[in-house]
Amino acid sequence: MLELFLELGNLKRFPRAGWLLRGVPNPESVAEHGYRVALITLFLADELKARGIEIDVEKALKIALLHDVGEARITDIPMPAQKYFDKVGGEVRALEDMLRVTGRAEEYLGLFREYEAELSLEGRLVKFVDRLEMLVQAFEYERAGVRNLDEFWGTVDKLRKNELYEYFKDIVEGLVEMREKLFREGSYGSK
């Protein structure tokens, strides 16, 4: 497994391609994104559980931790390039090869598929969180003065259509309001 652990280090070195293509200086790494996705997943899964929703928090965390592992081998392929490649298929093949040494490759691949196809509440939560985290990061970059990130904010519509929106509407709309205030007050790039 040592080779797997070493290969996972690529996630710390690979920048998120979408930010890189938009000229974000020193964009977050795939690992930084994944870490915050896992933390947000923990907090939101526990919140759902507190509201009486039956959710397997451990399973959600496993999905969150695994959701970008394949990128250690195939890198973070930006959205414009994805129409030319089967990114999900590539990630599945990478995961099959990478996770074989764990003896639990099928379990982990099943969890990845639950995320990609949104087959379970846990998979849908992580997909929701993945999108939410991207918007939190976009806001942070805009607050720092990065421009031309409007296309990322189209993801708000996907969040609003998600079944989990009713539980986390305050978070999504709070983020949207913070962004609107940032632009309205002209404090864009002042922090």
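The structure displayed is predicted, hence computed values, not measured ones.

Rules of the game
Residues numbered from 1 in each chain as written. Predicted model: local features only at pLDDT ≥ 70, side-chain atom pairs only at ≥ 80, totals over all residues. Heavy atoms only, no water. Axes fitted to C-alpha atoms, helices over the stretch in contact; angles between N-to-C directions. Helix = DSSP H or I, 4+ residues; strand = E, 2+ residues; numbered from the N terminus. Parallel < 35°, antiparallel > 145°, perpendicular 65-115°, else oblique. Left-handed = near helix turned anticlockwise from the far one by under 90°. Contact = heavy atoms within 4.5 Å. Phe/Tyr/Trp six-rings, centres within 6.5 Å; stacked < 30°, edge-to-face > 60°. Buried < 20%, exposed > 50% of the residue type's maximum accessible area, 1.4 Å probe, protein only. Expected span 1.5 Å × (residues − 1). Salt bridge = Lys/Arg side-chain N within 4 Å of Asp/Glu carboxyl O.

Caption draft 1: Representation of the packing of helix α4 (residues 30–50) against helix α10 (residues 121–143). Packing of α4 against α10 leaves a shortest axis separation of 9 Å and a crossing angle of 125°. Our classification of the angle between α4 and α10 gives oblique. At the point where α4 passes α10, the crossing takes the right-handed sense. Residues His-33, Arg-36, Val-37, Ile-40, Thr-41, Leu-44, Ala-45 and Leu-48 of α4 touch α10, and the partners they reach there are Leu-125, Val-126, Phe-128, Val-129, Asp-130, Leu-132, Glu-133, Val-136, Gln-137 and Glu-140.

Caption draft 2: Here's a closer look at the packing of aromatic side chains. Using the criterion set out here, one finds five aromatic pairs in the structure. Centroid distance Phe-128 to Phe-168: 6.1 Å. Interplanar angle 40°. Geometry classified as tilted. In this pair, Phe-128 sits in helix α10 while Phe-168 sits in helix α12 (residues 165–184), placing the two residues 40 residues apart along the sequence. For Phe-128, a relative accessible area of 0% translates into the label buried.

Caption draft 3: Region of the structure containing helix α9 (residues 105–116). Here α9 spans 16 Å end to end across 12 residues, near enough to the 16 Å set by a 1.5 Å rise per residue. Positive phi appears at Glu-118, one or two residues downstream of α9, with a value of about 50°.

Caption draft 4: Fine view of unusual backbone geometry. If you check the backbone angles, Asn-26 has positive phi at about 50° while not being a glycine. Look at Asn-26 and you get exposed, because its relative accessible area is 74%. Of note, the phi angle at Asn-148 is positive, near 65°, even though the residue is not glycine. Residue placement: Asn-148 occurs in the loop between α10 and α11 (155–161).

Caption draft 5: Quick peek at the packing of α9 against α10. Two elements in contact, α9 and α10, have axes separated by 7 Å at closest approach and are oriented at 60°. Judged by the inter-axis angle, α9 sits oblique to α10. In this structure, α9 meets α10 at a crossing whose hand is right-handed. Note on element contacts: α10 touches α9 through Gly-123, Val-126, Lys-127 and Asp-130, opposite Glu-114, Tyr-115 and Glu-116.

Caption draft 6: Focus on the pattern of salt bridges. Counted according to the given criterion, the structure contains 17 salt bridges. One salt bridge connects Arg-16 with Glu-28, and the closest N-O pair in it is separated by 3.4 Å. Taken as a pair, Arg-16 in the loop between α2 (10–13) and α3 (17–21) and Glu-28 in the loop between α3 and α4 lie far apart in primary sequence, 12 residues in all. Glu-107 is paired through a salt bridge with Lys-62; the nearest N and O atoms lie 3.2 Å apart. In this pair, Glu-107 sits in helix α9 while Lys-62 sits in helix α5 (residues 57–66), placing the two residues 45 residues apart along the sequence. Residue Glu-107 is classed as partly exposed on the basis of its relative accessible area of 29%. Residue Lys-62 is classed as partly exposed on the basis of its relative accessible area, which comes to 25%. In the salt-bridge network here, residues are joined through shared partners; they are Glu-58, Lys-62, Arg-104 and Glu-107.

Worth remembering: the numbers are spatial, not functional.
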